Structure formats: structure tokens, C-alpha cells
Amino acid sequence: MAVNASRNDFASGAIFVALGGYFALEAMKYDFGTPFRMGPGFMPVVLGGVLVALGVAVAAKGIGKPDAEAPPAWPWRGIVLVLGTILFFAATIRGLGFIPVVLISGLATALSSSRNSLLSSLVISVGLCVLCMLIFVVGLGLLVPWVGPWLRF
Amino acid sequence: MKSFVKILAAGLVAGSALTAAVAVAQDYPNQPVTIVVPFAAGGPTDTVTRLVAAAMSEDLGQQVVVQNVGGAGGTLGAGQVAAANPDGYTLLLHHIGMSTAPALYASLPFDPITDFAPIGLVTEVPMTIVARRDFEPATLEDLIAYVKKNGEDITYANAGIGAASQLCGLLFMDALDTKMTEVPYQGTGPAMTDLLGSQIDMMCDQTTNTTSQILAGEIKAYAVTTPERIAVLPDVPTMAEGGVENFELGIWHGLYAPAGTDQAIIDKLTQSLQKALADEMVGNSFAELGTYPVQASDATPAALAQKLEGQIALWAEVIAAAGVEAQ
Amino acid sequence: MDLISSLALGFSVALDPVNILYCFIGVLLGTLVGVLPGIGPTATIAMLLPITFSLNAETALIMLAGIYYGAQYGGSTTAILINLPGESSSAVTAIDGYQMARKGRAGAALATAAIGSFFAGSVATLLLAFFAPPLARAALNFGAPEYFSLIVLGLLVSIALAHGSILKALGMIVLGLLLGMVGQDIYTGTPRFTFGVRELFGGLNFVAVAVGVFGIAEILRNLENEKEREVGVKAVTNLWLTRDDVKRIVMPILRGTGLGSILGILPGGGHILSSFASYSVEKRLSKTPEEFGQGAIEGVAGPESANNAAAQTSFIPLMTLGIPAHPVMALMIGAFILQGITPGPNVINEQPALFWGIIASMWVGNLLLVILNLPLVGLWVKMLSIPYRVLFPAIVLFACIGTFSINQNIYDIYAIAFFGILGYLLIRFGCEPAPLLLGFVLGPLLEEHLRRAMIISRGDPMIFLHRPISATLLGLALLAVLIAVLPSIRRKRAEVFVEDD
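Residues numbered from 1 in each chain as written. Chains lettered and ligands numbered in written order. Predicted model: local features only at pLDDT ≥ 70, side-chain atom pairs only at ≥ 80, totals over all residues.

Check the secondary structure of chain A and you find five helices and zero strands. Secondary structure elements in chain A, listed N-terminal to C-terminal, are α-α-α-α-α. Against the compact-globule benchmark of 15 Å for 153 residues, chain A has a radius of gyration of 23 Å, which places it well outside the compact range. Seen along its three principal axes, the alpha-carbon backbone of chain A occupies a region of about 55 × 50 × 25 Å. Across the 153 residues that make up chain A, the buried fraction comes to 39%. Considering only intrachain contacts with a sequence separation of at least 6, the fraction spanning at least 24 residues in chain A is 64%. (Helix = DSSP H or I, 4+ residues; strand = E, 2+ residues; numbered from the N terminus. Rg over C-alpha atoms; globule rule 2.2 N^0.38 Å. Buried ≥ 20, exposed ≤ 12 C-beta atoms within 10 Å, placed from the backbone. Contact = placed C-beta atoms within 7 Å.)

So, in C-alpha cells, the structure goes:
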């Protein structure tokens, strides 16, 4: 890109502005209160405003200072598979139960590395499943069904 | 897709549960029973539950496991048990918060009365009205006059919305028809710290938390909230002695199963609870906490149901009068 | 009873073979569980608490204390090896400890943590034995205004945590403060930023946020250029400290011990500040501050010592007054009560064997910990030779299961994913995660104490200046800002003068 500015500073500034803006705007709905009795909205509105200002400052500082290094490639496969696995784990741990969820999660995460083949990923996920069962369910007494109610007949 | 699987699965579970229910009651319990405590491990409710669970394990011949599901003033754990399979293997031990939840939380995912099958009352922990060591009033009468006179100049610590200490304060202000400045804390521990350091004036809390400090002379005790004086604090008068009638408050604890649990199982659990409460070890441990097990006649489904209904009505009124909104 | 005979009584209890055995089991279990990703000291104790129920009071509490320092130490191990802090204190250790590990110096980092912890633990235990009651009394002078000023000071000093842009570090702190406010407001009960999800009423879970911004973000970073370079940490070159290392860690350990001991006594959140404060101090005093964040051994030695000293002295308010300084201490109160002892001012007189026994066992426990862990350093470091493609799925799974096992709350796991991607983006764009975590743990405290101080003072902000301790702390905060800003002002003025000439 030919823009004479730091892409990193712009991006992080934008994240700060967006999040600060969200917190401040959402907090406007809460009672602001008075200095004596500050309401639940007081601190978030103030801090959200500060964060927006900091975001603008961060971005402004990046003007005229383009990044020295080219940005690294996006690890799309990793992002989708790792985050997808975590979401899958959360959504199904109660329903599917420990064994199926851990097996599938282990397999999917292992596959997010291009260094793992399907076979090595399978081995990893089975190994991890046994290990996790021993540590958490047998050792620490985690109360989770082996196989969840969705799969029971 | 996921919700479809869920519905399908839920249907299958419900169907199989119905047919199995009859057979289940006879050999109950044939696997470990879980009691959910809707608060963090180590708190007073958790302690009470673990003591009772240990005694019930012996009686039932199966392990009774305590599981802590904390959050949202106890409503998360209660909600989880309300939705659990009514097979007698998932129970709930909750305190007075069961009766205040409807007034404090909008859109509760459960109804304390229709979603649970009561098993019995467990204990009722007395409350004490205490103040910093150097607080002016000398006696309960002095205190009442002082609070009426100084009102909002007095700072009153509580452990946050819906906490026992807040409920007690609301009731106290209601009885004296005055308002003090409420200072909420994240739990009674920090509140007690500030009381010990004379950063604030007053508090009302369970004997579990206050007895040792009172006996050591670190804080002043003005009254207990029971109908009669209690054994561990024989010098502290009751509210009635100070001329405040109908001020009775205890943090009562009850044991529940999800609604729809087989009656035979409930009966078995009630018996087991009564045996546990009669256990000498449990009695001694409760005494250390400044409380006592309830009479066998109160460790029954009927007594708990009656308590729950009465308290829901009472707190709905007190909480609304105090202007606290449901969230 | 004088101190010598008290300590003799204590050691007679602590050195009882049965108690030594359980202390050792506690330290071992604590280390093993604490080392699991996503499980910090609080979770470890909560999970292992039931094991101690069947023991008698002294043995149970000695074992529990052992579990506590074991878990604390285990948490630092994960922070160093795989950049996964399980508690706010080890978030600081992760900054330089993980960088050391990446440079093949994991052994030195772990050894430093063990030695620093042992020294700090021993000193803090002595402090506990000699001065516990008066110190606890003194700490009670800290009310809401004092804590607010202390936190402001802590936040201002901690900008040193950043080794890059100060503006970005400030942004991360403020973002952390805001994230700390998610959940039900304790003053009014209003749920904030919860999207109506009741599972979020209690706020975001620290472990979920830490695992996300540190652990998951790091994994995504490592997956970026997988094809071109070997990821993860380098093979270990030297297990032990060099002579130069030893020279470099002596002063940080001493300073960290002092700072941690003092902060740990304050029940309202002092221990949280200890490791952050120590890191800032070391960076300020260092002749080579640019090394911090790149694997400076002082950045491990100071905070680890401070953290362990604070962990030890935070027993002071518990044992002398019966008030818990943090969640772990609240669990300990529960354990006391289950053993039929109500913690309070009378424990020291009514149960001298228990009181002094626990104090003596703390020293024994720290010794056992160092004996156990120095040989274990080799084992932990070996785990790093597991290929990263096997290690990282394990980290992800352990983190999910570990976090889930604490509260059985699936929203904590959704939070890991959210903070994983947010942390990854922010780190990619040049922000650092440690200030965010500092803000996150201090945010609720800052707001709570500010609002409480204003209620107590009836809305008069002068309360912060009228109270001497608070005024002093604010003065120090101002001084810290001046010291940070002055050099650059002087430089600018110098430039102006040069132009004028």
C-alpha cells in the first residue's frame, strides 16, 4: 500500500476507538449518577471516552511512519480451526459429553497446523483424549458425562 | 441443526426417563448423588452443604458429591438444577436467596416453587447487628435512638445486592422507619475488614462471620435476630428485648430436588437428611458455626415449602419498599 | 508465650513426620495441578480442597498451604514454558520468562523462579512469625481512599510494563479496566455489558481472558509463518544459572521480597499489585531497560519473589484477624471452618499449636518446594522438546477443559475464543497483553474503591488529600509521572535553548 502511515498503528487505533465507543455508548444507557453516588455508567463512560481518545492518538502518531516490516501472512487455517474448536467445545460439552467433544476438538486443532497429517492428527487427538480423561475426570473428579445426553438412547 | 439435535435428544431423554422412573425408586441410589451449591467453594453455604453431604453419604451408602456452580447471586446453580434430570441424582442446597431471587432478578429461568420439589429445611443461621468497636451507642436502645436521629450520617456495610447482610439492613431500616447510607462490598470479607478498621459504622451479618470477632472484642454486637438469645452469644439481646417486634431473620438453608422427582426418592432423601441433622458430628460442627440443625419436624418437604412461600411474599414486599429494582 | 518457644512449638508440629509427608503431598499435587494450563492457584485449591477434609485440622491446613504454594509455583512454570498465566501475578512472569524460554533459557528462568520464591517465602514467613498482629492492625488503616490512591499509583507506575509504544500500553490498560467492569455492578446490581446473559453477571473470568490473550493469541502467532520457520521455543542449552545470572538476580530478589511482603499484608488487593510493581521497579532501576520484554532475567526474579512474598504475607490478615485477602484465602477460611476452627483474632491464643504450626510449615513447605522443583526443572524443560504441532492442540484442549472445570460455565470458554482473536489482532498490531490484564484485575477495584470513598466522604473528593496515607500515595504517583516525563521535557528545553543560541 502506498499510504505513508503505519498500518499497525491505524489498526490498533481503530480497535481502541471501536471498543471504547462501544463501552461508552452502551454505558450511556446506565445511570450516570452524581459524584457522591456515582452510577453504574460513570466509570465506563469516562474510560470509554479516554479509550477513544487514546485510539485516535495512536492512529495519529502513526501518520508519516510506515511500518518497517511487511505484515506476516494471516494464519487463516489456524484462526478458523482453533477458534472454531473452542466454540465447538463450549457449545457441545454439556450435550455430547467428554469423549466425543475432546476427540473431535483435538483432531480439529491438530489439523490447523500444516505440519500435521490426518493420521498424525488422529493419533494426537486419541492420545490427548486419554490423557485428559485420566487427568481431569479420573484424577480431579470433573463432573462431566463420558457420553452426553444428546447421544444417549 | 444443533437445536434440532437438542430437541430430538431432549425428547428421547424425556421418554426414557418416564418409563424408567418406576423401577428407579427401589434401588435408589445406585450411583453418586450430586448436591449443587450455587456459590463458590469455601463460603458458609458450601460449608453447611459439605457437612450435611458427608453425613448423608454414610446413610445412603453412596457418595454424595458437592458441586459448586457459582454466579448471579445463586441463580445460575439453581437454574441448572431446575433443568436437570429429575432422577434424584442432582439436588440443590440453597439458602434464603431462593426466596429473594424472584424479586431481584427479572426473567428468572426457573420458578422457585413450581420447578423444585422441596426435601427439607437444613439450618437457620442467626444474624447479628454489629458496629465498629468505637461506635457511640452503648446498648440496643441507644443504638435505635441513635440510628433514628442520625439516619443517613451512618454508614451501613453490606455484601452487595441480595446478600444476607443487605436483606437484614433493609429489614432494620424498614423496622425503624429510617434510612442509612448503604455501602456495598464485594462479599462480607472486605466489609468485615473495613468494620474492623473503623472505616464504616455498622453491619448486620450471619453469626458464622461475626461470632469470633465479637468474642474477641474487635466489634460491638447490639442484637441477635432470633426470637431468643443464642448460646454462643448469651450477653447479646434479641431485637424484641430492644422493643422492636417482629424482627426475626435467619439465613435458612433448604435442600431441593428438581420438580418431577419420584415421591419415593424424595421420602428417602428427607429421611436421610433428618438422620444427617441428628448426627452428633454435624450438630457440633454447626454449633462451631454459631448455628444449629433444624428440628426433624422442619426437615420436611412441607416445612420447606411453607417457609419458601412465606419468604417469597415477605421479600417481594421489603425489596419493593426499598426501591431495589429487579435486574 | 515468647517467640522462641512459640516457634519451637510450631516446628514441633511442622516437623512431625505425618505433617511433613502431607506438606510434601500438598506441594507436589499443587505443582502438578497448577502446571496444567488454565488452572491457577484458586482453581487448584478449590479442586483439591475436599482431599483435606478427612485429615485432622493441623495436617489439613498444612497440606492446603502446601497446595497453595505448589500451585503458585506450578502456575509460573506454565507461564514461562508456554506463555499461559493462570493467575494475574504470573502474567508478569510470562512477559520475560517466556522470552527466555524462546531463547533456550527456560532452565535458567525456572531455576530463578524457584530460588526467588524460596528466598521470598522464607523472609516473608519470618515477618509473619515476628510481626503478624501489629502488621495486620496497621493494614486496617487502609480504607477505600487509600486503596484507590494505591491503585492509581500502581497503574501509573506500571506503564513501564510496556516495552513498545506508551500510548498503546495506556490504551491496553484502559481497555482492561473497561473489560473488568463487565458484569453486575455491586452498588446497584445493574448488569453491564452482559448482552442479557446471566452467566456474565459475575463478570469475565480472569483465566479465560488470560488464556485467550496470552495462550491462544500466541498459538495463532506461531501458526503465522509455520512453513518457513520452526515455531515454539528453542531447545534448551543450559539448565542452570551462569555466574552472571546469579549476580543479576540478587538485588531484584531482595527488592521483590521487600515490596511483595509489604503489599501482601493489605487485604484489599495489595497482592495483585506486587508482581506488577516489582517488574516496574526493576525496569526503572535497570541499566539496560531495553532488555525487558526480550528475556531479562531480572524481569523473572523480581516479580516471582514479590509474588511469593505477597502470597505468604497475605496469610497475615487471615490468621490474625480472620479476614480473607483474596479468593484463595476465602477458600482457606472455608477449610478452617470445616475443621471446626473459626478464623479470627483468637486463633493465635486459643490454638497456638495450629497457628505456629502453620507458620513453621510454610517455611518447611517452601523448602520442600525448592527441593522438589529444582530437579523437576529438567523434566519440565524436556516437555518443550515435544514438537509444537503436538503441544499446541494439547494447550488448547487443556485450557478449555481447565477453564470449564472451574465454574462449569460455557461462557468462560466462549470468552477464551473471543479474547484469543482480540489478543491476536492487538498483538499483531504492536500492542502488548500484560497491561491489559493489569487493567482487567484492577478495574473493578479502582471503581469499587473510588465509589466507596465518595460515598463515605459524602461526595467530597478532598478526602483523598485529607487522609495522610492516601495523600502520600498520590504524591508518589505524581512523582512517578514527573520522573517519567521530566527527562523528555528537559531534552525539549535543551533543544529550545540550543536553537536560541
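On the chain C side, the residues contacting the 59 residues of chain A number 54 residues. Looking at the side of chain A that touches chain C, the elements with two or more residues in it are helix 1 (7-28), helix 2 (42-61), helix 3 (76-96), helix 4 (98-111) and helix 5 (118-139) of chain A. Classifying every residue of the side of chain A that touches chain C by side-chain character gives 38 nonpolar, 15 polar and six charged. (Nonpolar A, V, L, I, M, F, W, Y, C, P; charged D, E, K, R; others polar.)

With that settled, consider the pairing of strand 5 (residues 155-158) of chain B. Residues and elements named next belong to chain B. Residue alternation in strand 5 divides its side chains into two sets, Thr155 and Ala157 and Tyr156 and Asn158, and both sets are buried. Relative to strand 6 (residues 181-184), strand 5 runs parallel, the two being bridged by four bridges. Directly across from alanine 157, in strand 6, lies its bridge partner valine 183. In terms of handedness, the path from strand 5 via helix 6 (residues 164-176) over to strand 6 forms a crossover that is right-handed. Across two bridges, strand 5 lies against strand 7 (residues 202-206) in parallel orientation. Residue pairing across strands places tyrosine 156 opposite methionine 202, the latter belonging to strand 7. (Pairing = 2+ DSSP bridges. Right-handed = clockwise from strand over helix to strand, strands pointing away.)

Let us look at the domain arrangement of chain A. Each assigned domain of chain A is listed with its residue range as follows: domain 1 (7-61) and domain 2 (76-151). Spacing between the C-alpha centres of domain 1 of chain A and domain 2 of chain A amounts to 38 Å. (Domains from an automatic or database assignment.)

Okay, the environment of methionine 251 of chain C next. Here methionine 251 of chain C is to be found in helix 10 (residues 243-265). With 50 residues separating them in the primary sequence, methionine 251 of chain C and alanine 301 of chain C have C-alpha atoms 9.0 Å apart.

Attention now goes to the packing of helix 5 (residues 88-102) of chain C against helix 19 (residues 433-456) of chain C. Residues and elements named next belong to chain C. Remark: helix 5 packs on helix 19, axes separated minimally by 10 Å, with the N-to-C direction vectors making an angle of 170°. By the criterion of interaxial angle, the relationship of helix 5 to helix 19 is roughly antiparallel. Contacts from Ser88, Ala91, Val92 and Ile95 of helix 5 reach helix 19 at Ala434, Leu437 and Val441. Split by residue class, the contact of helix 5 with helix 19 holds six nonpolar, one polar and no charged. (Axes fitted to C-alpha atoms, helices over the stretch in contact; angles between N-to-C directions. Parallel < 35°, antiparallel > 145°, perpendicular 65-115°, else oblique.)

All names here are of chain C. One way to put it is that helix 9 (residues 206-224) packs onto helix 18 (residues 410-428) with a least axis distance of 7 Å and a crossing angle of 50°. On the basis of the axis angle, helix 9 is oblique to helix 18. Helix 9 and helix 18 meet at a crossing whose hand is right-handed. Facing Ala208, Val209, Val211, Gly212, Val213, Ile216, Ala217, Leu220 and Arg221 of helix 9, the residues of helix 18 in contact are Asp412, Ala415, Ile416, Phe418, Phe419, Gly420, Gly423, Tyr424 and Ile427. Per-class residue counts for the contact of helix 9 with helix 18 are 13 nonpolar, three polar and two charged. (Left-handed = near helix turned anticlockwise from the far one by under 90°.)

Residue and element names in this part refer to chain B. Here chain B averages 83 in pLDDT, and 90% of its residues register 70 or above. pLDDT under 50 marks residues 1-22. Its contacts with residues more than four places away, or in other chains, come to 13 contacts. The ipTM assigned to the predicted complex is 0.92, against a pTM of 0.83. (pLDDT = per-residue confidence, 0-100.)

On to the interface of chain B and chain C. Contacts between the two partners involve 37 residues from chain B, matched on the other side by 40 residues from chain C. The set of elements that each furnish at least two residues to the side of chain B that touches chain C consists of helix 2 (44-60), helix 3 (75-82), strand 6, helix 7 (188-196), helix 8 (207-215) and helix 10 (280-288) of chain B. Broken down by element, the side of chain B that touches chain C gets its largest block of residues, six residues, from helix 7 of chain B. When the residues that make up the side of chain B that touches chain C are grouped by side-chain class, the tally is 13 nonpolar, 19 polar and five charged.

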